[in-house]
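Chain residues, written in single-letter form:
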Amino acid sequence: DSGVTQTPKHLITATGQRVTLRCSPRSGDLSVYWYQQSLDQGLQFLIQYYNGEERAKGNILERFSAQQFPDLHSELNLSSLELGDSALYFCASSASPGTVYGYTFGSGTRLTVV
Amino acid sequence: DQQVKQNSPSLSVQEGRISILNCDYTNSMFDYFLWYKKYPAEGPTFLISISSIKDKNEDGRFTVFLNKSAKHLSLHIVPSQPGDSAVYFCAAEGGNAGNMLTFGGGTRLMVKP
């Protein structure tokens, strides 16, 4: 157990629907990162939050949004889902905005859009 | 624009031999490099890192080499063990707000007994 908790582990939904992925960071970590891994692809950075504030944005679609709550858990909202959104979505956390000690990743949420 | 590339999608090595995984990058602003290991159905786990001020970092069976002039790093695993079979991602940090990591596409390592 890495200490980063992601729910649900699996999600199957239809095109056009909206889903919410949840992440609880490791205790004491203020920074949360969301990454997408499509089939046989690398990890694509989506967005980062630090202590409730958006810190950096990557290749995140306008249909996707995220937030970090006062208790530091984060949610990634995916709407108007398309088949191409099927992927593994990873959340990671770190103690600070920097990554000298690396991130700690959760085990991911596998999203399947049918 | 792939700033971090792992050109070998897979690598097969005999147990006990050396595994060498390679990674190239294009952004000269990167100043910290990391390797992650990923087993199926799990998230990536941090393996080893190196700062751009160094050219080598060693941790047990794992050594990372950095050649800044060539914008190239490699991970050496000696001796390789069947339990090392996993997907290895290299990642780079630096030159951007938030210090987010840019990952390569991964190399699947298979260590045969």
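Above this text sits the structure in question.
Definitions and limits used
- Residues numbered from 1 in each chain as written.
- Chains lettered and ligands numbered in written order.
- Predicted model: local features only at pLDDT ≥ 70, side-chain atom pairs only at ≥ 80, totals over all residues.
- Heavy atoms only, no water.
- Contact = heavy atoms within 4.5 Å.
- Buried area = accessible area lost by both parts, 1.4 Å probe.
- Salt bridge = Lys/Arg side-chain N within 4 Å of Asp/Glu carboxyl O.
- Helix = DSSP H or I, 4+ residues; strand = E, 2+ residues; numbered from the N terminus.
- Nonpolar A, V, L, I, M, F, W, Y, C, P; charged D, E, K, R; others polar.
- Pairing = 2+ DSSP bridges.
- Buried < 20%, exposed > 50% of the residue type's maximum accessible area, 1.4 Å probe, protein only.
- Patch = residues over 30% accessible without salt bridge, like charges linked within 9 Å, V, L, I, M, F, W, Y side chains within 5 Å.
- Areas by Shrake-Rupley, 256 points an atom, 1.4 Å probe, with all protein chains shown as cover.
- Disulfide = S-S within 2.5 Å.

Caption draft 1: Representation of the interface of chain A and chain B within the structure. Facing 22 residues of chain A, the contacting portion of chain B comprises 20 residues. Taken together, the two surfaces of chain A and chain B that pack against each other cover about 1500 Å², and 59% of this comes from carbon and sulfur. Taken together, the links from chain A to chain B amount to zero salt bridges. For the side of chain A that touches chain B, the secondary-structure elements that each account for two or more residues are strand 4 (31-37), strand 5 (43-50), strand 6 (53-57) and strand 9 (87-94) of chain A. Residues belonging to the side of chain A that touches chain B are distributed by class as follows: 12 nonpolar, nine polar and one charged.

Caption draft 2: A look at the sheet that holds strand 8 (residues 72-77) of chain B. All names here are of chain B. Strand order in the open sheet formed by five strands is 1-3-8-7-6, with antiparallel pairing between adjacent strands. Each edge of the open sheet is held by one strand with a lone partner, namely strand 1 (4-5) and strand 6 (56-59). In terms of strand pairing, strand 3 (residues 19-25) meets strand 8 through six bridges, oriented antiparallel. Bridge pairing in strand 8 links Ile-20 to His-76.

Caption draft 3: Here's a closer look at the pairing of strand 3 (residues 19-24) of chain A. All names here are of chain A. Only one face of strand 3 is covered, namely the face carrying Val-19, Leu-21 and Cys-23; the face carrying Thr-20, Arg-22 and Ser-24 is uncovered. As defined by bridge partners, strand 1 (residues 5-7) adjoins strand 3 across three bridges and the pair is classed as antiparallel. Among the inter-strand pairings, Gln-6 is bridged to a residue of strand 3, identified as Cys-23.

Caption draft 4: Region of interest: the environment of Leu-11 of chain A. All names here are of chain A. For Leu-11, the location among the structural elements is in strand 2 (residues 10-13). The spacing of Leu-11 and Leu-21 is 10 residues in sequence and 9.2 Å in space, taken between C-alpha atoms. Leaving out residues up to four positions away in the same chain, Leu-11 has contacts with Val-19, Leu-21, Arg-110, Leu-111 and Thr-112.

Caption draft 5: Focus on a nonpolar patch on the surface. A contiguous nonpolar surface patch, about 230 Å² in accessible area, is contributed by Ile-18, Ile-20 and Val-78 of chain B. Mapped onto the elements of the fold, Ile-20 of chain B is located in strand 3.

Caption draft 6: Up close: unusual backbone geometry. Here the residue pair Thr-7 of chain A and Pro-8 of chain A is connected by a cis peptide bond, since its omega of -10 degrees sits within 30 degrees of zero. Relative to the helices and strands, Pro-8 of chain A resides in the loop between strand 1 and strand 2. Between Val-78 of chain B and the following residue, Pro-79 of chain B, the backbone shows a cis peptide bond with an omega angle of -15 degrees. Looking at the element boundaries, Pro-79 of chain B is found in the loop between strand 8 and strand 9 (86-93). Of note in this structure, Asn-51 of chain A is not a glycine but carries a positive phi near 50 degrees. Within the secondary structure, Asn-51 of chain A is located in the loop between strand 5 and strand 6. Residue Asn-51 of chain A is classed as partly exposed on the basis of its relative accessible area of 47%. Non-glycine residue Lys-71 of chain B carries a positive phi angle of around 50 degrees. Structurally, Lys-71 of chain B is set in the loop between strand 7 (62-67) and strand 8.

Caption draft 7: Representation of the pattern of salt bridges within the structure. Here the structure, examined in full by the defined rule, presents six salt bridges over all chains. When salt bridges with common partners are traced through the structure, they connect Arg-63, Glu-82 and Asp-85 of chain A into a single cluster.

Caption draft 8: Focus on the environment of Pro-40 of chain B. Checked against the element boundaries, Pro-40 of chain B lands in the loop between strand 4 (32-38) and strand 5 (45-51). For the pair Pro-40 of chain B and Ala-86 of chain B, spaced 46 residues apart in sequence, the C-alpha separation works out to 7.6 Å.

Caption draft 9: Region of interest: the state of the cysteines. Counting across every chain of the model gives two disulfides over all chains. In this model, Cys-23 of chain A is linked to Cys-91 of chain A through a disulfide, with the two sulfur atoms separated by 1.8 Å. Between Cys-23 of chain A and Cys-91 of chain A, the S-S dihedral sits near -55 degrees, and the bridge is therefore left-handed. With Cys-23 of chain A in strand 3 and Cys-91 of chain A in strand 9, the pair connects residues that are 68 residues apart, well separated along the chain. Here Cys-23 of chain A matches Cys-91 of chain A in class, with each residue buried. Sulfur-sulfur distance for the disulfide between Cys-23 of chain B and Cys-90 of chain B comes to 1.9 Å. One disulfide, between Cys-23 of chain B and Cys-90 of chain B, carries an S-S torsion of 60 degrees and so falls in the right-handed class. Taken together, the residues Cys-23 of chain B in strand 3 and Cys-90 of chain B in strand 9 connect sequence positions 67 residues apart.

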